[in-house]
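# Summary of the model geometry
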Amino acid sequence: MKCNNIIEELTSYLDNALDPVLRQDLEEHLKKCKKCRLVVDTCKKTIDIYCNSEPVPLPDETRSRLHSALRERLQQNRR
Ligand SMILES: [Zn+2]
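Residues numbered from 1 in each chain as written. Predicted model: local features only at pLDDT ≥ 70, side-chain atom pairs only at ≥ 80, totals over all residues. Heavy atoms only, no water.

## Things to note about the coordination of the zinc ion
The reference angle at a metal is 109.5 degrees if four donors form a tetrahedron and 90 or 180 degrees if six donors form an octahedron. Rules: Note that water is not among the atoms considered, so a metal site may appear incomplete; the donors listed are N, O and S atoms within 2.8 Å of the metal, with 3.2 Å applied to Na, K and Ca. Only two sets of limits are used to name each site, 85 to 135 degrees for every angle of a tetrahedral four-donor site, and over 155 degrees for opposite donors with all other angles from 65 to 115 for a square planar four-donor or octahedral six-donor site, with any other site named irregular. Think of it this way: any DSSP run of H or I at least four residues long counts as a helix, any run of E at least two long counts as a strand, and we number them from the N terminus. For each residue, the accessible area found with a 1.4 Å probe, counting protein chains only, is set against the maximum for its type, and the residue is called buried under 20%, exposed over 50%, and partly exposed in between.
Coordination of the zinc ion by the protein comes from Cys-3 (SG), His-29 (NE2), Cys-33 (SG) and Cys-36 (SG), over a distance range of 2.0 to 2.3 Å. What the four donor atoms of the zinc ion show is an angle range of 104 to 115° at the metal, which sorts the shape as tetrahedral. Between consecutive donor residues of the zinc ion, the sequence gaps follow C-x25-H-x3-C-x2-C. A residue pair is termed long-range when its members are at least 10 positions apart, and Cys-3 in helix α1 (residues 3-14) and Cys-36 in helix α3 (residues 34-53) qualify at 33 residues. Across this residue pair, the class does not change: Cys-3 and Cys-36 are buried.

Okay, here's the thing in structure tokens:
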């Protein structure tokens, strides 16, 4: 799994909706890749904050905003 795939699968991962095989791949990648670990941590914190204020599943809009924010962050990290 590559950094880009992590971002693709991250929302499913955080929803616990990810295929177990992919999930394992993703976790393996996180062990090796500090950059992605950072992204996942940030993302988890964002969701925690969101969930603490309003205990409902992430709406699609929030989800896609999060997704594009993560994508941008990853691209910035590459430069
Ligand atoms: Zn990575």
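Next comes the rest of the description.
## Description of the nonpolar core
Put simply, the test is: What is meant by a nonpolar core is a set of buried Ala, Val, Leu, Ile, Met, Phe, Trp, Tyr and Cys residues, joined one to another through side-chain atoms within 4.5 Å. A contact between two residues is defined here by any heavy atoms of the two lying within 4.5 Å.
With 17 residues, the main nonpolar core has Leu-10 and Tyr-13 as its most contacted residues. Counting only elements with at least two residues in this core, the list comes to α1, α2 (20-32), α3 and α4 (60-78). What Tyr-13 contacts, discounting residues up to four positions off in sequence, is Leu-18, Arg-23, Leu-26, Glu-27, Leu-30, Val-40 and Lys-44.

## Overview of α1
Here is the rule: Expected helix span is given by 1.5 Å per residue-to-residue step, counting one fewer step than there are residues. Directions from the helix axis toward the C-beta atoms define the arc.
Its twelve residues place the ends of α1 16 Å apart at the C-alpha level, agreeing with the 16 Å of an ideal helix rising 1.5 Å per residue. When we look at burial in α1, the residues that qualify are Cys-3, Ile-6, Ile-7, Leu-10, Thr-11 and Tyr-13. Along α1, the residues classed as buried sweep out an arc of 160° about the axis, all on the same side. Backbone geometry just after α1 places Asn-16 at a positive phi near 60°.

## As for the environment of Cys-3
The exposure class of Cys-3 is buried, given its relative accessible area of 17%. Separated by 27 residues in sequence, Cys-3 and Leu-30 have C-alpha atoms that sit 9.2 Å apart.

## Regarding α2
Stated formally: Throughout this description, a polar contact denotes any pair of N or O atoms lying within 3.5 Å of each other; where both atoms belong to protein, one of them has to be capable of donating a hydrogen while the other can accept it, and for residues adjacent in sequence the pair is counted only when both atoms sit in side chains.
The terminal C-alpha atoms of α2 lie 19 Å apart, and with 13 residues this matches the ideal 18 Å at 1.5 Å per residue to within 8%. For α2, the full list of buried residues reads Leu-26, His-29 and Leu-30. One face of α2 carries all of its buried residues, which in axial projection span an arc of 100°. Residues of α2 that are exposed and angled more than 90 degrees away from the buried face: Pro-20, Val-21, Gln-24, Lys-31 and Lys-32. Where α2 starts, the residue carrying a side-chain oxygen 3.0 Å from the main-chain nitrogen of Val-21 turns out to be Asp-19.

Honestly, that's just the spatial picture; any functional story needs more than this.
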